[in-house]
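# Structural overview
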Amino acid sequence: MATFTERMGPVLLLWLAVCLGGTWAVDRGNFKTCDQSAFCKRQRAMKPGESPYRALLETMELTNTRLTLQLINDNNKVRLLLELYRLQGNITRVKINELKPLKPRYEVPDVLIREPPTEPLSLLSQDENGVVLSLGPESQRVIVSARPFRLDIVEGRDVLMSLNSRGLLGFEHLRMRKDTQADPEAENKEGTDPSNQAETTKEEEEKVEDGMWEETFKSHTDSKPNGPSAVSLDFSLPGVEHVYGIPEHADTLKLKTTDSGDPYRLYNLDVFQYELYNPMALYGAVPVMLAHNAQRTTGIFWLNAAETWVDISSNTAGKTVFGKMLDYVQGSSETPQTDVRWISESGIIDVFLMLGPTPRDVFSQYASLTGTQAFPPLASLAYHQCRWNYNDQEDVRSVDAGFDEHDIPYDFIWLDIEHTDGKRYFTWDPHKFASPKEMLQGLMDKKRKMVAIVDPHIKVDTNYKIHNEIRSRGFYVKNKDGGDYEGWCWPGSAGYPDFTRPDMRAWWASQFAYDQYEGAMENLYTWNDMNEPSVFNGPEVTMHKDALHGSWENRDLHNLYGLYVQRATTEGLIERSGGVERPFVLTRAFFAGSQRYGAVWTGDNAAEWDHLKISIPMCLSLGLVGISFCGADVGGFFKSPSTELLVRWYQTGAYQPFFRAHAHLDTPRREPWLFGPENTALIREAIRQRYTFLPYWYQLFYHAYHTGEPVMRPLWVEYPQDPATFALDDEFLLGRDLLVHPVTEEGARGVTAYLPGKDEEVWFDIHSFQKHNGGQNLYIPVTMSSIPVFQRGGAIIPRKLRVRRSSTCMEHDPYTLYVALNNQRTAEGELYIDDGHTFNYEKKEFIHRRFSFTNGVLSSVNLEPDAQFTTKSWVERIIILGASKPSMITLKTADGEENQLEFDFDASVFVLTIRKPGMNAGADWTVTLQ
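Here the structure is a predicted model, which means the values were calculated and not measured. (Residues numbered from 1 in each chain as written. Predicted model: local features only at pLDDT ≥ 70, side-chain atom pairs only at ≥ 80, totals over all residues. Heavy atoms only, no water.)

### A look at helix α14 (residues 609-624)
Helix length check: α14, at 16 residues, gives a terminal C-alpha distance of 24 Å against a target of 22 Å (1.5 Å per residue), a fit within 8%. For α14, the tally of buried residues reaches 14 of 16 residues, placing the bulk of the element in the interior. Directly beyond the C-terminal end of α14, a positive phi value near 95° is found at Gly626. (Helix = DSSP H or I, 4+ residues; strand = E, 2+ residues; numbered from the N terminus. Expected span 1.5 Å × (residues − 1). Buried < 20%, exposed > 50% of the residue type's maximum accessible area, 1.4 Å probe, protein only.)

### Considering helix α13 (residues 561-576)
Here α13 contains 16 residues, and its C-alpha end-to-end distance of 23 Å stays within 8% of the 22 Å for a straight helix at 1.5 Å per residue. Taken across its 16 residues, α13 has 13 buried, putting it largely inside the fold. With its phi angle positive at about 70°, Gly578 sits one or two positions after the end of α13.

### Some thoughts on the side chain of Asn528
In this structure, Asn528 sits in strand β27 (residues 524-528). At a separation of 3.0 Å, a polar atom in the side chain of Asn528 contacts the side chain of Thr569. Look past the residues within four positions of Asn528 in its chain and what remains in contact with it is Val454, Asp455, Val565, Gln566, Thr569, Val585, Leu586, Thr587, Arg588 and Trp601. (Polar contact = N/O pair within 3.5 Å; in protein donor to acceptor, adjacent residues only side chain to side chain. Contact = heavy atoms within 4.5 Å.)

### Observations regarding the sheet that holds strand β34 (residues 659-661)
One open sheet accounts for nine strands, arranged β32-β31-β30-β27-β23-β22-β21-β34-β33; its pairing is parallel. The strands lining the two open edges of the sheet, one partner per strand, are β32 (630-631) and β33 (633-634). As judged from the two bridges shared by strand β30 (residues 585-587) and strand β31 (residues 599-601), these two strands associate in the parallel manner. Residue pairing across strands places Thr587 opposite Val600, the latter belonging to β31. Contacting β27, β30 and β31, α13 runs over the sheet at an angle of about 170° to β27. (Pairing = 2+ DSSP bridges. Axes fitted to C-alpha atoms, helices over the stretch in contact; angles between N-to-C directions.)

### Concerning the confidence of the model for the protein chain
Looking at the protein chain as a whole, the pLDDT averages 94, with 92% of positions reaching at least 70. Confidence over residues 1-23 falls short of pLDDT 50; this stretch has 40 contacts with residues more than four positions distant or in other chains. Here residues 182-206 is a poorly scored stretch, pLDDT under 50, and it has 29 contacts once near neighbours within four places are set aside; other chains count. (pLDDT = per-residue confidence, 0-100.)

### What about unusual backbone geometry?
Put simply, Gly356 and Pro357 share a cis peptide bond, and its omega is 15°. For Pro357, the position within the fold is in the loop between β20 (349-354) and α7 (359-370). For the peptide bond that leads from Glu532 to Pro533, omega is 5°, which places it in the cis range. Position of Pro533 relative to the elements: it lies in the loop between β27 and β28 (548-549). Even without glycine at this site, Asn164 takes up a positive phi of about 60°. Here the phi dihedral of Met530 falls at roughly 60°; this positive angle occurs in a residue that is not glycine.

### A closer look at the packing of helix α11 (residues 502-510) against α13
Remark: α11 packs on α13, axes separated minimally by 7 Å, with the N-to-C direction vectors making an angle of 45°. Classified by the interaxial angle, the pair formed by α11 and α13 is oblique. Relative to α13, the crossing made by α11 is right-handed. Between α11 and α13, the contacting residues are Arg505, Trp508, Ala509 and Ser510 on the first element and Tyr564, Val565, Arg567, Ala568, Thr569, Glu571, Gly572 and Glu575 on the second. Residue composition of the contact of α11 with α13, grouped by class: five nonpolar, three polar and four charged. (Parallel < 35°, antiparallel > 145°, perpendicular 65-115°, else oblique. Left-handed = near helix turned anticlockwise from the far one by under 90°. Nonpolar A, V, L, I, M, F, W, Y, C, P; charged D, E, K, R; others polar.)

### What to know about the nonpolar core
Counting 174 residues, the largest nonpolar core has Phe301, Trp508, Tyr650, Tyr655 and Leu734 as its most contacted members. Here the element with the most residues in this core is α14; it accounts for nine residues. Every residue in contact with Tyr655, bar those within four places of it in the chain, is listed here: Gln689, Arg690, Phe693, Trp697, Phe732, Leu734, Val740, Ile766, Ile787 and Val789. Listed in part, the 50 residues of the second largest apolar core include Leu121, Val144, Phe171 and Ile312. (Core = buried A, V, L, I, M, F, W, Y, C linked by side-chain atoms within 4.5 Å.)

### Re the state of the cysteines
All chains considered together, the criterion is met by two disulfides. Between the sulfur of Cys619 and that of Cys630 lies a disulfide, 2.0 Å long from S to S. Where Cys619 bonds to Cys630 through sulfur, the torsion about that S-S bond is close to -75°, and the disulfide is left-handed. Residue Cys619 is found in helix α14, and its partner Cys630 is found in strand β32; the two are separated by eleven residues along the sequence. For Cys619, a relative accessible area of 2% corresponds to the buried category. Looking at the protein chain, its bonded cysteines, counted consecutively from the start of the sequence, adopt the pairing 1-2, 3-4. (Disulfide = S-S within 2.5 Å.)

### So, the pattern of salt bridges
Side chains that carry opposite charge are capable of pairing whenever their charged atoms lie near each other. Overall, the coordinates contain 67 salt bridges when judged by the stated rule. Residues Glu345 and Lys545 are paired through a salt bridge, measuring 2.7 Å at the closest nitrogen-oxygen approach. Linking Glu345 in the loop between β19 (337-344) and β20 with Lys545 in the loop between β27 and β28, this pair joins segments that are 200 residues apart in sequence. Owing to a relative accessible area of 10%, Lys545 belongs among the buried residues under this scheme. Across the pair Asp904 and Arg915 runs a salt bridge whose closest N-O atoms are separated by 2.7 Å. With a gap of eleven residues between them, Asp904 in strand β51 (residues 902-906) and Arg915 in strand β52 (residues 911-915) connect regions that are remote in the sequence. Residue classification places Asp904 among the partly exposed residues on the basis of a relative accessible area of 38%. Through salt bridges with shared partners, a single ionic network connects Asp222, Arg265, Glu307, Glu345, Glu540, Lys545, Glu553 and Arg555. (Salt bridge = Lys/Arg side-chain N within 4 Å of Asp/Glu carboxyl O.)

### Points about the packing of helix α15 (residues 643-653) against helix α16 (residues 676-692)
Contact pair α15 / α16: the axes reach a minimum separation of 8 Å and the direction vectors enclose 10°. One finds that α15 runs roughly parallel with respect to α16. Taking contact as the criterion, the partners of Thr643, Leu646, Val647, Tyr650, Gln651 and Gly653 in α15 are, on α16, Asn679, Leu682, Ile683, Ala686, Ile687 and Arg690.

### Concerning the packing of aromatic side chains
Any aromatic ring pair is given by two values, namely how distant the centres are and how the planes are angled relative to each other. Scanning the model with the defined rule gives 53 aromatic pairs in all. The interplanar angle of 90° and the centroid separation of 5.7 Å between the aromatic rings of Phe499 and Tyr561 together place this pair among those described as edge-to-face. Here Phe499 is found in the loop between β26 (492-495) and α11, whereas its partner Tyr561 is found in helix α13, with 62 residues between them in sequence. Relative accessible area serves as the criterion here: at 0%, Tyr561 is assigned to the buried category. (Phe/Tyr/Trp six-rings, centres within 6.5 Å; stacked < 30°, edge-to-face > 60°.)

### Considerations on the environment of Pro533
According to the relative accessible area criterion, Pro533 is buried, its value standing at 0%. Pro533 sits 25 residues away from His558 along the chain, and the two C-alpha atoms are 8.5 Å apart. Those residues within four positions of Pro533 in sequence are excluded, and the remaining contacts are Tyr496, Val541, Thr542, Met543, His558 and Tyr561.

### Re the sheet that holds β20
Across the sheet, eight strands lie side by side as β1-β2-β3-β4-β20-β17-β16-β14; this open sheet has antiparallel pairing. Only two strands of the sheet have a single neighbouring strand rather than two, namely β1 (53-62) and β14 (242-245). Strand-to-strand twist of the sheet, defined as the mean angle between neighbouring strand axes without regard to direction, takes the value 20°. Taken together, the seven bridges between strand β2 (residues 66-73) and strand β3 (residues 79-87) define a ladder with antiparallel strand orientation. Each residue of the ladder has a partner; that of Ile72, found in β3, is Arg79. Against the sheet, α7 engages β3, β4 (91-98), β16 (288-292), β17 (297-302) and β20, with an angle of about 25° to β17.

### Some details on the pairing of strand β5 (residues 122-127)
Two strands pair when backbone bridges link them, and β5 and strand β6 (residues 130-134) are joined in this way by five bridges, in the antiparallel orientation. Residue Leu123 lies in a different strand from β6, and its bridge partner there is Leu133. In this structure, the hairpin formed by β5 and β6 is closed by a connection of two residues.

### A closer look at the environment of Val477
Counting through the fold element by element, Val477 comes out in the loop between α10 (465-473) and β25 (486-489). With relative accessibility at 0%, the residue Val477 sits in the buried group. As a C-alpha pair, Val477 and Gly495 span 18 residues in sequence and 7.6 Å in three-dimensional space. When neighbours within four sequence positions are excluded, Val477 is seen to be in contact with Gly483, Asp484, Tyr485, Tyr496, Pro497, Asp498, Met543, Ala547, Leu548 and His549.

### Notes on the side chain of Thr570
Summarising the element assignment, Thr570 is placed in helix α13. Take Thr570: its relative accessible area is 4%, and that puts it in the buried class. Among the polar contacts made by the side chain of Thr570, one reaches the main-chain carbonyl oxygen of Tyr597 at a distance of 2.8 Å. Beyond its immediate stretch of four places on either side in the chain, Thr570 contacts Pro583, Val585 and Tyr597.

So, in structure tokens, the structure goes:
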């Protein structure tokens with residue numbers, strides 16, 4: 001990196017010294033606390049129970065689809081407009097804006113997949129204290145109380161959720177700055193309409209300098225031309241002790257209370273060497289929270305893209321089990337309740353209350369608003385090999401050959417920033433990567449692929465075509481004075497394209513065309529990093545809040561930038577193939593709706609055991625809010641893992657959705673074969689296990705695409721009435737049918753896995769086929785080769801056991817069906833097959849079959865009779881777990897032909913293996929055990 005740093009300014013050199021030197025911890029001083037964020041500090045200082053807002057019931061208007069009502073702040077007489085909608089699928093939407101703002105306030109575009117369809121609202125009763133509305137045929141009602149304003153959603157006698165019940169609604173109206181106002185007439189005009197603007201009270205004038213109109217953090221000044229504009233609202237969740245979501249944070253799955261520290265922060269930032277178990281902001285932000293108890297699951301989607309802080313408090317937090325028992329014995333037990341407060345710097349209040357009642361209902365409700373996980377190409381679910389950086393084409397060829405030499409499969413090799421010509425994206429280093437097509441063709445000949453990085457900071461260089469085009473079209477983000485915004489990043493001085501503009505996104509997408517992106521081929525895919533955006537010399541290592549995207553400040557839409565970058569890139573990969581091929585794009589920054597555009601990873605983690613552990617709750621949290629395609633850098637990005645940690649990380653990553661090894665420039669090489677034959681064998685086995693399960697992974701992603709249900713999910717999603725599952729985050733389910741408890745402790749001799757489903761479920765160890773009852777904590781002795789994974793009794797899982805050099809090489813290979821019988825001696829499962837890479841599944845070109853085993857008969861039936869696709873794959877083996885020995889097994893195919901099948905029975909573990917039944921995987925058949 002010497003040649004690149006020589007040209008850098010001192011600010012960037014200092015940043016690099018910190019990053020590349022020996023300081024392996026976040027510098028907290030680079031990032032704001034709530035106290036250092038003026039709007040957060042102001043809003044958090046509000047006292048509960050002193051709400052100045054009341055509802056003006058005489059202004060209520062009710063149409064078939066919405067209720068509108070004015071609210072007034074009795075302290076300053078500013079009026080707000082409340083809009084309430086009942087949406088299809090048991091969702092209520094609440095919007096609050098200024099009735100007559102000085103200028104429009106930002107409302108988030110492009111995140112909702114459509115204007116949500118409404119359902120009729122009807123008035124049940126009204127008096128001077130409030131109104132009661134029906135939310136449909138069930139006993140659900142909305143109660144709007146007038147003084148102070150409060151909104152309750154009730155079902156029967158139960159309050160599901162309350163808004164402003166603690167009186168913490170805050171809405172900073174836009175106003176003229178008094179101390180610099182040059183036009184006294186404007187002031188007079190503005191003061192004439194009490195519903196428009198309030199007279200500034202003495203109290204407000206005293207606060208004017210308190211970070212309202214200007215704010216300085218370290219050496220950066222935020223000019224705040226619009227003044228204070230924050231919004232906040234509190235929500236009470238009676239009966240709830242467990243809340244989840246609001247990623248991205250390196251924290252436990254169950255969110256903690258924030259009374260004694262900072263709120264959880266949502267503000268997309270490039271946080272170098274992030275700390276664990278704290279509420280600091282990270283690379284992405286999804287403002288969605290789920291609440292769960294044994295009776296119900298609900299969700300809150302706070303649609304705001306500005307910097308946001310979320311406070312959580314609970315009346316049972318900190319109580320020991322003994323304390324709760326004492327409450328019970330003394331009869332003083334209060335109903336558990338969690339209170340949540342959202343605080344955003346600008347925009348409006350636009351919140352979707354997803355009322356469940358089941359976890360699946362909430363996933364479906366959120367998917368109806370923001371869409372589902374994009375259905376990825378099958379190969380992207382296989383193994384990815386990456387580092388910063390593979391040095392040149394010969395290095396790529398050598399690593400590729402190393403996988404073959406050591407019989408380890410992989411599908412994608414990745415190139416980081418050093419592959420470019422001087423950090424100019426869409427280019428190749430003319431010396432190190434002189435013939436990229438030759439390199440890509442070499443990979444294609446082995447049915448393998450490549451990912452190259454394309455970051456959204458563009459080198460300011462008049463000899464660089466991309467920069468010249470963006471500048472000439474006026475596509476860069478502007479600074480507050482109207483010039484092109486520039487900051488420091490990897491290339492040195494860089495401009496930042498304004499991805500909020502549809503014309504900019506369309507132009508960016510066009511750059512991925514094969515006649516534009518020189519050297520690209522159809523097996524080259526893309527990685528968007530640094531898209532928070534990262535600005536090395538910016539405040540908090542990001543863009544200034546007063547930078548301009550058209551007429552909007554970065555303050556208003558900051559958390560959307562990464563989504564727009566990934567969207568434009570994804571659209572480019574689709575367009576380059578004429579809309580035929582599915583894209584694969586990885587992003588670091590994200591927002592609600594990013595699931596529609598590809599995969600995310602948990603950023604620059606470290607080679608430490610705690611970072612391995614945190615990858616589980618981090619990906620579980622993302623899955624709960626729609627982003628299923630999640631993974632962590634295997635081995636850790638920073639530092640060098642011990643061989644034990646590296647092996648355990650491969651074993652964990654093999655059972656997480658996005659499976660990629662990645663490492664920092666300064667770390668020693670760590671390809672899987674560099675740690676001695678024993679460790680090579682252990683890593684090979686973990687990766688091969690991933691490949692055998694690819695049919696199951698693919699089917700799970702097909703379901704995620706259709707339903708919004710997470711691929712990797714917490715146990716409580718499937719066992720919502722079992723409190724023992726509610727806080728578990730060291731194990732997880734893949735779909736319904738695989739339970740994974742990775743080994744994440746150094747030197748572990750055993751792990752204890754909770755197997756759910758007391759009196760109902762049985763679980764089979766996928767390696768030994770041992771059967772275990774549900775509803776127990778099972779101690780499992782482990783060695784270095786152990787990956788504790790269990791298949792649920794009652795599930796049929798298709799696998800491909802002939803592992804080849806890449807997933808594409810396995811396309812036509814046969815299936816083995818693993819049939820795990822439940823206590824009723826039944827089982828069912830599915831098989832989904834398509835071409836693995838095009839959008840032709842949208843034209844019904846696929847096979848989707850249901851397997852079921854009941855009364856000794858295993859059958860395969862077509863779930864989609866109008867779909868058309870053929871496969872060369874067949875069923876080469878059926879393994880039935882928990883079986884008894886039959887006297888004879890018969891196969892009957894669709895044409896009526898019957899054949900007897902060979903089988904083995906292992907009486908020690910009750911496993912029946914049916915050999916070479918040979919039927920086509922897309923055909924109807926029955927196998928009968930007699």
